[in-house]
Amino acid sequence: MSERRLHPVTPFRRAWAPIAVAVTFMINDLGRVQQWFGELTTSRALLGLPAVVLAAAAYGFLSWWVTHFAVTERELRIRSGLLFRRTAHIRLDRLQAVDVTQPLLARFLGVAKLKMDVLGADAKDELAYLGDREARELRAELLARAAGIAPESAKTVGEAPARQLARVRPRTLAVAILLLVGVWAGVAAGIAGTAAIWYLSGEPWPALAAAIPALGAVWASSVGRFVTEYDWTVGESPDGLRLDHGLLDRAHETVPPGRVQCLRIVEPLLWRRLGWVRVELDVAGSKNTVLLPVADRATAGAVVARVLPGVDLPAVTGALRGAPRRAYRCVPVWWRGYGFAAEGPVFAARHGLLGRTLSLVPHAKVQSVRLGQGPWQRMQGLADVTVDTGANKSVTARLRDADEAHEAVRAQADRSRTGRHEALPDRWLTAG
């Protein structure tokens, strides 16, 4: 077992830590800082600045020097810590995905960050930074080892080839974001709120203070989303689905289809006339939530069929049964947006009248099922059916006929048992 160090550019990244601590201290005690700066002379400043730079450089170098990583037969071991030593043992058999991310500056420097999703871990472990080529080779080795390939072969197997399934054009993404009602609602709310505060206070500064977070929220949901989801590409390879995206920070993520617990087909109001949808997902042990930011129904259906084999999206949509007419007594008007079907390969539930969301849970991923019925629902002979998935999320089919709901709960256990026998391996996508 030979230990390796991170890329030599890493000390420059870590040198910012002492500076960040100093800035935080100054913000927390501005009075003392102002007094200190008032007493600061030019000679002291000329002597102190090099000392700060040297201290930051020394910290960055030493923290890089004591950080090592190695791939053993069963785990990836990362040793780090300058004052307090930390050793992370990442078991390869619990490795769910390995992502390569490149912030803007890292792309110019030819380095990359390796992030690892581990089953049962709340946060991702990472190696930052590695050379771009070394990061990709290590990613390929870790995925090969996690898939069961022998250690002597895993180092030479290389990155698995990928076949492109879908790609989102920047123009399509920009139009899709501009057609989101929530973006324009945020703009209107920000303008109205700022104007109201200015009018009531008679001063521009309180209005400006209120406008800044509103502008930040609008930016995150529009420009920020465009920058993050720019050039979104979905590819298929033996180690999973590849998601490549990002305008400034480029991300290369892997989604093991066997770990997908739920897919959501989201149809915003103004997208429906264009036949566009957004595909979201829940993955056990991962924080990935987007599979396709925008796509036409045919493309989305093809990608869904690769993630959930045997699922025909138009057929599932056509099999949905609406809520009974008496459901309007519980939810006026909006009851028409509810739908449910479970006879196929997935538990499918739809909600929403203007903007619709269709949730698809493979029967093999259902961890538990329960029936919910409030007092008013009991009077109307209605009930809700809820399934829980391995990603700590739930999907509910609302306002079903009570007899239908009881039958669905009874039948779900058999469907889940059968689904587990027929399901693909949990971690990796089978070739073909």
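Quick caveat: nothing in here was measured; it's all calculated off a predicted structure.

*Asks:* Is there a simple way to explain the confidence of the model for the protein chain in this structure?
*Replies:* Interpretation of this model should avoid reading the predicted coordinates in detail wherever pLDDT is low. Averaged over the protein chain, the pLDDT score is 84; the fraction of residues at 70 or greater is 85%. The model gives residues 428-432 a pLDDT under 50, and that stretch makes 16 contacts with residues more than four places away or in other chains.

*Asks:* Can you help me understand the sheet that holds strand S8 (residues 233-237) in this one?
*Replies:* One open sheet holds the seven strands; their spatial order is S6-S5-S4-S10-S9-S8-S7, and the pairing between them is antiparallel. Both edges of this open sheet fall to strand S6 (125-131) and strand S7 (163-167), since each of them pairs with a single strand only. Direction aside, the axes of adjacent strands within the sheet are offset by 20° on average. When S8 meets strand S9 (residues 240-245), the two strands line up antiparallel, connected through five bridges. By the bridge assignment for S9, serine 237 is matched with glycine 240. Those strands touched by helix H12 (residues 297-307) are S7, S8 and S9, and its axis lies near 140° from that of S7.

*Asks:* Which parts of the structure should I look at to understand the side chain of glutamate 253?
*Replies:* Looking at where glutamate 253 falls in the secondary structure, it is placed in strand S10 (residues 250-255). In this structure glutamate 253 touches Asp99, Leu241, Arg242, Leu243, Asp244, His245 and Asn288, once residues within four positions along its chain are discounted.

*Asks:* Any chance you could explain the sheet that holds strand S19 (residues 382-389) here in plain terms?
*Replies:* What the three strands build is an open sheet, ordered S18-S19-S20; its pairing is antiparallel. Every other strand in the sheet has two partners, leaving strand S18 (366-372) and strand S20 (394-401) as the edge strands with one partner each. The average angle at which neighbouring strand axes cross in this sheet is 20°, direction not considered. Pairing of S19 with S20, which is carried by six bridges, proceeds in the antiparallel orientation. Bridge assignment links valine 385 to a residue of S20, and that residue is alanine 397.

*Asks:* Explain the environment of alanine 144 to me, please; I cannot follow it from the model alone.
*Replies:* Residue position: alanine 144 is located in helix H6 (residues 132-146). Look at alanine 144 and you get buried, because its relative accessible area is 7%. Separated by 16 residues in sequence, alanine 144 and alanine 160 have C-alpha atoms that sit 9.0 Å apart.

*Asks:* Could you clarify how one ought to interpret unusual backbone geometry in this entry?
*Replies:* Note on backbone geometry: most residues besides glycine have negative phi, and most peptide bonds are trans. The amide bond that connects alanine 128 to the next residue, tyrosine 129, takes the cis arrangement and shows omega of 5°. With respect to the helices and strands, tyrosine 129 occurs in strand S6. At valine 333, a residue that is not glycine, the phi angle is positive and equals roughly 65°. For valine 333, the location among the structural elements is in the loop between strand S14 (321-322) and strand S15 (339-341). A relative accessible area of 52% places valine 333 in the exposed class. Positive phi is not limited to glycine here, since leucine 399 has a value of about 55°. When you line up the elements, leucine 399 lands in strand S20.

So, how was this worked out
- Residues numbered from 1 in each chain as written.
- Predicted model: local features only at pLDDT ≥ 70, side-chain atom pairs only at ≥ 80, totals over all residues.
- Heavy atoms only, no water.
- pLDDT = per-residue confidence, 0-100.
- Contact = heavy atoms within 4.5 Å.
- Pairing = 2+ DSSP bridges.
- Helix = DSSP H or I, 4+ residues; strand = E, 2+ residues; numbered from the N terminus.
- Axes fitted to C-alpha atoms, helices over the stretch in contact; angles between N-to-C directions.
- Buried < 20%, exposed > 50% of the residue type's maximum accessible area, 1.4 Å probe, protein only.

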